[in-house]
Amino acid sequence: MSQKFRIEPYAGPAGGWGALKSTTRHLLNSEQALSNLKTLANTNQPGGFDCPGCAWGEGKHSGRVSFCENGAKAVNWEATARRVDAVFFAEHSVASLYAQSDHWLEAQGRLAEPMVYDAQTDHYRPISWDGAFALIARHLKALDSPDQAEFYTSGRTSNEAAYLYQLFVRAYGTNNLPDCSNMCHEASGVALRRSVGVGKGTVTMDDFERADAIFVFGQNPGTNHPRMLDTLRDAVRRGAQVVAVNPLKERGLERFTHPQHPLEMLAGGGTTMHTRYVQPRLGGDMALVRGMVKSLLAAERAAQERGEPPVFDHAFLAEHAAGLADYLAEVDATGWDAIETQSGVARATIEGLAEVYRRAERVIATWAMGITQHKHSVATIQEIANLMLLRGNVGKEGAGLCPVRGHSNVQGDRTMGVNERPADAFLDALGQRFGFAPPRRHGHAVVEAIEAMRAGQSRVFFALGGNFAAATPDTAATEAALRNCDLTVQVSTKLNRSHLVVGKAALILPCLGRTEIDIQAGAPQRITVEDSMSMVHASAGVLEPASAQLKSEPSIVAGLAEAVLGKWPVDWAWLVEDYDRIRELVADTVPGFEDFNARLASPRGFYLGNSARERRWQTDSGRAHFAAAPLPDHLESHEGELALQTLRSHDQYNTTVYGLDDRYRGVFGGRRVVFVSAADLARLGFKAGETVNLVAEWGDGVTRRADGFTLVEYDIPAGCAAAYYPETNPLVALASVGDDSRTPTSKFVPIRLERSGP
């Protein structure tokens, strides 16, 4: 970690020697480097554990080292020798810990024993596991309604823990299951279900080896899922077109040196990671894609006039699509002036992208949170689906739709039923298998849960993983909501901000990490996760647990369920003696998991399948649907001087801050920076290096600000800015959410810059 704050442009490629140096530093900082070398060797390997970082899929590497720089950070961060125990909490009050940075908090080490908050002393003190479960049970049983409790889930949670969790919550009587999907890819699920009938991506890793063109929208693989760089590098090298569409110039999308290729490392070379790089304005992706379609439509009509082969796949459209005429009418009604203004990209450039798409027989469109955290995210993703459907690029090899999920099992948690709006078919299956009537009323997503807690309508908050206080928008509102609860419970591996934003009573329940051996009834267990490509992998830790008092997440859920419900509707303790028993229940109730345990024998796991990939459209009409939405009208309506997007630094994964460097963006030793274009610095009368305050401009009468940010000149479109979260989460209004998705609009925050005092 750098000791002195400085801005120093980084000239090297993504990966390369910089990645090796960073990995080595984090390995040494773990204070158990030798054992962690063995641990890293087992990452993403058959018989080993699934990386606790991102959800990118596994290629055909057959025994090759399979972790990236940020995966190494995640493993070493979890497998640290440092401990947070009763002695630590006796020395530090909650108020004093709250004053520390997020990086400092997690750097203190692994949580070692269950703790209960003592409001009189403002310290946590030890509590037994039985005492903790009894305390939670008393609070839950005292509620007037099960709907007064909120049960949050992190994407790190295994399939087994998630399935037990949702079963307990529904047997208890509520669908209040907010989870991290509500804050990241909810829009992808909503849009894809409407367009192609299934809320997941339609591609596999093999498709990336066959694609002629890959369009990468609104994502930064170099920081957020670095193993994707390997996939894109191979695509570029075999001649595929890789088009990067991202407001910021990101090093991982520009140049990459593979750290595991000795000749490339020694030569100091690298692969140019794109064939075209386009920088739309924040929120302008829908207009850009609309422009591509408008160009393709003109080419289609010109081909018809000349008697040439069509641009569109008419056979596919006739057999599989609905709504095409209305959509093309909307395209005709959208003028080029509006497209260029909103996207910030010239017509000629957009037409060039359309030509890349037209010439490719097999196209993959992939995207992440740069697309999903806008007010019009659902419409934007449907527009991407429209583009892909026009040439039949859904349901054929080497082509398809690919939302790239964040945390390692966020997709699996949703598959297991962690969903505040479950499908009737899933509830029917649960009811039939377990002999009870699951609640049918919709529960709370994240924003609704915060609103309910703040209003006093929900009084108990239970988090299975994650860092809710740091991950959510409108920090002041979120913290007020948590403090308003009668009880807050956090199941965690490391100390974090959420442990310090307590209800009237609070518990910290320490759990095993992904890297650790899980022993139940004397036998080692394995858990499973689902990646972004719907592959289900087994995962088994290799390290001894950090403390004898740690419990696995399935064991914690079972202990809680038994304290509240007894042995109804299942014998919870018996189930967690052998996780195969949990998987048998999954096989009975979740489509695609038939013979679950037997299929795990495959070294690389098994594919769940995807109806849209097979061109079976699970929509009301039985066809894929074109969505005819107008371009959004809110992008120019804000009064702020800039539109801000929140993002991660390179030394960060979600809310976990591994260090204070962002090597690829040239920031070292600090995090309170805001990236602004040279044109905006001149227009607004500022200079790079000045310190400013960020003031949100939502027009709702609430003051939201984040002070003390250094201006950094960066290659970003005029009118746009970027800064790290969670430091900028206080600027995101709780009420500003995506249409139909209710996802916080963290990628378009209207702000003005205010000169900071001395």
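Preceding this section is the structure that the text describes.
Please read all numbers here as calculations on a predicted model, not as lab measurements.

With that settled, the discussion passes to the sheet that holds strand β25 (residues 642–647). If you walk around this closed barrel you meet the 6 strands as β25-β32-β29-β31-β30-β33, and the pairing is mixed. Going from strand to strand, the sheet's axes swing by 45 degrees on average, the running direction of each strand aside. Direction of pairing for β25 relative to strand β32 (residues 720–724): parallel, over a ladder of 5 bridges. Across the sheet, the residue bridging to L644 is A721, located in β32.

Let us now look at the packing of helix α8 (residues 159–172) against helix α26 (residues 553–565). At a closest axis distance of 8 Å, the pairing of α8 and α26 adopts a crossing angle of 15 degrees. Relative to α26, the element α8 is oriented roughly parallel. Considering the relative orientation of α8 and α26, their crossing is left-handed. Of the residues in α26, those touching α8 at E160, A161, L164, Y165, F168, A171 and Y172 are E553, P554, V557, L560, A561, V564 and L565.

Considering all chains together, one arrives at 48 salt bridges under this definition. Notably, a salt bridge pairs E397 with R210, separated by 3.7 Å at the nearest N-O pair. A residue pair is termed long-range when its members are at least 10 positions apart, and E397 in the loop between α20 (377–390) and β15 (400–403) and R210 in helix α10 (residues 205–210) qualify at 187 residues. A salt bridge links E727 to R671, with the shortest nitrogen-to-oxygen separation between them at 2.6 Å. Within this pair, whereas E727 is found in the loop between β32 and β33 (749–755), its partner R671 is found in the loop between β28 (667–668) and β29 (673–676), the two being separated by 56 residues in sequence. Looking at E727, the relative accessible area reads 17%, which means it is buried. On the basis of relative accessible area, R671 is assigned to the buried category, the value being 7%. Overlapping salt bridges bring together E697, R705, D707, R752 and E754 as one network.

Attention shifts here to the packing of aromatic side chains. Summed over all chains, the structure comprises 24 aromatic pairs. The structure contains a cluster of three or more aromatic residues connected by ring pairs, namely F151, Y165, F168, Y172 and F462. The cationic tip of K551 hangs over the ring face of W129; the distance from NZ or CZ to the ring centre is 5.6 Å. Taking the ring centre of Y653 as reference, the NZ or CZ of R648 above it sits at 4.3 Å.

We now examine helix α17 (residues 336–343). Listed as buried for α17 are W336, I339, Q342 and S343. Take α17 and look down its axis: the buried residues cluster within an arc of 145 degrees, on one side only. Along its buried surface, α17 packs onto α14 (285–306) and α18 (347–359). Among the residues trailing α17, G344 stands out with phi positive, at a value near 75 degrees.

Within strand β30 (residues 691–696), 5 of the 6 residues are buried, leaving the element largely enclosed by the surrounding structure. Strand direction decides the pairing type here: β30 and strand β31 (residues 705–713), joined by 4 bridges, are antiparallel. Following the sheet pairing, L694 is matched in β31 by A706.

Counting 62 residues, the largest nonpolar core has L140, F151, F168, F462 and L509 as the members making the most contacts within it. In this structure L509 touches P114, W129, A132, I136, F462, V489, Q490, V491, S492 and I556, once residues within four positions along its chain are discounted. Formed by 57 residues, the second largest nonpolar core is a distinct cluster that contains L192, V289, L328 and M388.

Relative orientation of the contacting elements helix α7 (residues 129–142) and α26 amounts to 50 degrees, with a least axis distance of 8 Å. The angle between α7 and α26 places the two elements in the oblique class. For the element pair α7 and α26, the recorded crossing hand is right-handed. Residues W129, F133, I136, A137, L140 and K141 of α7 lie in contact with α26, whose contacting residues are I556, G559, L560, A563 and V564. Counted by class, the contact of α7 with α26 contains 9 nonpolar, 1 polar and 1 charged residues.

What follows concerns the sheet that holds strand β6 (residues 123–126). A sheet is described by the order of its strands in space; here 6 strands give the open sequence β6-β5-β18-β17-β16-β7, paired in mixed fashion. Each edge of the sheet is formed by a strand with only one pairing partner; in this case those strands are β6 and β7 (149–153). Averaged over all adjacent pairs, the angle separating strand axes in this sheet is 20 degrees, with direction ignored. In this fold α26 packs onto β16 (460–464), β17 (487–492) and β18 (505–510), with an angle of close to 155 degrees to the strand it touches most, β16.

Bringing unusual backbone geometry into the picture now. In this structure, P569 follows W568 across a cis peptide bond, with omega equal to -5 degrees. One can find P569 in the loop between α26 and α27 (572–575). Here the residue pair Y725 and P726 is connected by a cis peptide bond, since its omega of 10 degrees sits within 30 degrees of zero. Here P726 lies in the loop between β32 and β33. The phi torsion at N654 lies on the positive side, around 50 degrees, for a residue other than glycine. Position of N654 among the secondary structure elements: in the loop between β26 (652–653) and β27 (656–657). Even without being glycine, R742 reaches a positive phi, approximately 60 degrees.

What counts as what
Residues numbered from 1 in each chain as written. Predicted model: local features only at pLDDT ≥ 70, side-chain atom pairs only at ≥ 80, totals over all residues. Heavy atoms only, no water. Pairing = 2+ DSSP bridges. Helix = DSSP H or I, 4+ residues; strand = E, 2+ residues; numbered from the N terminus. Axes fitted to C-alpha atoms, helices over the stretch in contact; angles between N-to-C directions. Parallel < 35°, antiparallel > 145°, perpendicular 65-115°, else oblique. Left-handed = near helix turned anticlockwise from the far one by under 90°. Contact = heavy atoms within 4.5 Å. Salt bridge = Lys/Arg side-chain N within 4 Å of Asp/Glu carboxyl O. Buried < 20%, exposed > 50% of the residue type's maximum accessible area, 1.4 Å probe, protein only. Phe/Tyr/Trp six-rings, centres within 6.5 Å; stacked < 30°, edge-to-face > 60°. Lys NZ or Arg CZ within 6 Å of the ring centre and 35° of its normal. Arc of directions from axis to C-beta. Core = buried A, V, L, I, M, F, W, Y, C linked by side-chain atoms within 4.5 Å. Nonpolar A, V, L, I, M, F, W, Y, C, P; charged D, E, K, R; others polar.

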